[in-house]
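In case you want the letters, here they are:
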Amino acid sequence: VPVQYKIKISANATAEEYQLPLTIQYRYLKVIVQERADMFEYVYNDAESTIPLTIRILPHVKAQVIEAVPEQLTVGSDGYLNLRIRNIGPENGTLASVKLLRNGKSPIIPVDSTIFVGDFRNGETITCRYKVSVSNDATNQSYPVDLAVSYTNREGAVVTSAMTTFGVPVNEQPAFTVVSP
């Protein structure tokens, strides 16, 4: 009988195999006693078995933003965001693209959202530069932005990493006043 369970695997799980014990409790028919021609007595036994399930965690690329440096990023204007990103996952991604994505209703909106980086090996650090726009309703504070890496894994499948969220500081627009001589 097919049975489905929802499980949660920690984002920090390493790429290896884990044994998960599955305990099954059931009843089975032990004997049928026929008392008379039209009367039966059923006797059941209770049983329990533990089956080891093997769960294999596939290796993956995991992006860590080491540095996020905004260039001329002010309220109501366009600017640039320079990122240093490290692959802290156990997988080497090939044909990798790094995508900068808007986080919910964040006032930081990527204009150039995808950069092709080629090979993104375990432990490697790359630099990416994105053009972003800041909406007029932003203030002088940090706002969240999401980042994901799409790559080809060792099995040849194109996969996308889990989202990485980080903060980007935004400055208020400069205010000018004209002082009469």
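Fair warning: this is a prediction, and the values are worked out from it, not measured in the lab.

**Remarks on the packing of aromatic side chains**
How two aromatic rings sit relative to each other is given by the distance of their centres and the angle of their planes.
Okay, so step 1: If you walk through the whole model with that rule in mind, you get one aromatic pair.
Okay, so step 2: It is Arg-129 that lies over the ring of Tyr-80; its NZ or CZ is 3.9 Å from the centre.

**Some points on a nonpolar patch on the surface**
Okay, so step 1: Together, Leu-20, Ile-24, Tyr-26, Tyr-28, Ile-51 and Leu-53 line one region of the surface with nonpolar side chains, adding up to about 480 Å² of accessible area.
Okay, so step 2: Breaking the nonpolar patch down by element, the ones donating at least two residues are strand S1 (17-36) and strand S2 (39-56).
Okay, so step 3: In terms of residues, the nonpolar patch owes the most to one element, S1, which gives four residues.
Okay, so step 4: Inspection of the secondary structure assignment puts Ile-24 in strand S1.

**As for the side chain of Asp-146**
Okay, so step 1: Relative to the helices and strands, Asp-146 resides in strand S9 (residues 142-152).
Okay, so step 2: Buried charge Asp-146 goes without a salt bridge, the closest partner of opposite sign being Arg-102 at 9.5 Å.
Okay, so step 3: Only 2.9 Å separates the side chain of Asp-146 from the side chain of Asn-103, close enough to count as a polar contact.
Okay, so step 4: A distance of 2.6 Å separates polar atoms of two side chains, one belonging to Asp-146 and the other to Thr-165.
Okay, so step 5: Leave out the neighbours within four places in its chain, and Asp-146 touches Lys-99, Leu-100, Leu-101, Arg-102, Asn-103, Met-163, Thr-164 and Thr-165.

**Considering the pattern of salt bridges**
Okay, so step 1: Inspection of every chain in the model, using the stated rule, returns six salt bridges.
Okay, so step 2: One salt bridge connects Arg-84 with Glu-67, and the closest N-O pair in it is separated by 3.7 Å. Of the two residues, Arg-84 sits in strand S4 (residues 78-87) while Glu-67 sits in strand S3 (residues 63-71), which places them 17 residues apart along the sequence.
Okay, so step 3: On the basis of relative accessible area, Arg-84 is assigned to the partly exposed category, the value being 34%.
Okay, so step 4: For Glu-71, the salt bridge identified is with Arg-129, shortest N-O distance 2.8 Å. Here Arg-129 lies in strand S8 (residues 125-134) and Glu-71 lies in strand S3, a separation of 58 residues in the sequence.

Criteria and cut-off values
Residues numbered from 1 in each chain as written. Predicted model: local features only at pLDDT ≥ 70, side-chain atom pairs only at ≥ 80, totals over all residues. Heavy atoms only, no water. Phe/Tyr/Trp six-rings, centres within 6.5 Å; stacked < 30°, edge-to-face > 60°. Lys NZ or Arg CZ within 6 Å of the ring centre and 35° of its normal. Patch = residues over 30% accessible without salt bridge, like charges linked within 9 Å, V, L, I, M, F, W, Y side chains within 5 Å. Areas by Shrake-Rupley, 256 points an atom, 1.4 Å probe, with all protein chains shown as cover. Salt bridge = Lys/Arg side-chain N within 4 Å of Asp/Glu carboxyl O. Helix = DSSP H or I, 4+ residues; strand = E, 2+ residues; numbered from the N terminus. Buried < 20%, exposed > 50% of the residue type's maximum accessible area, 1.4 Å probe, protein only. Lys, Arg positive; Asp, Glu negative; His and termini not counted. Polar contact = N/O pair within 3.5 Å; in protein donor to acceptor, adjacent residues only side chain to side chain. Contact = heavy atoms within 4.5 Å.

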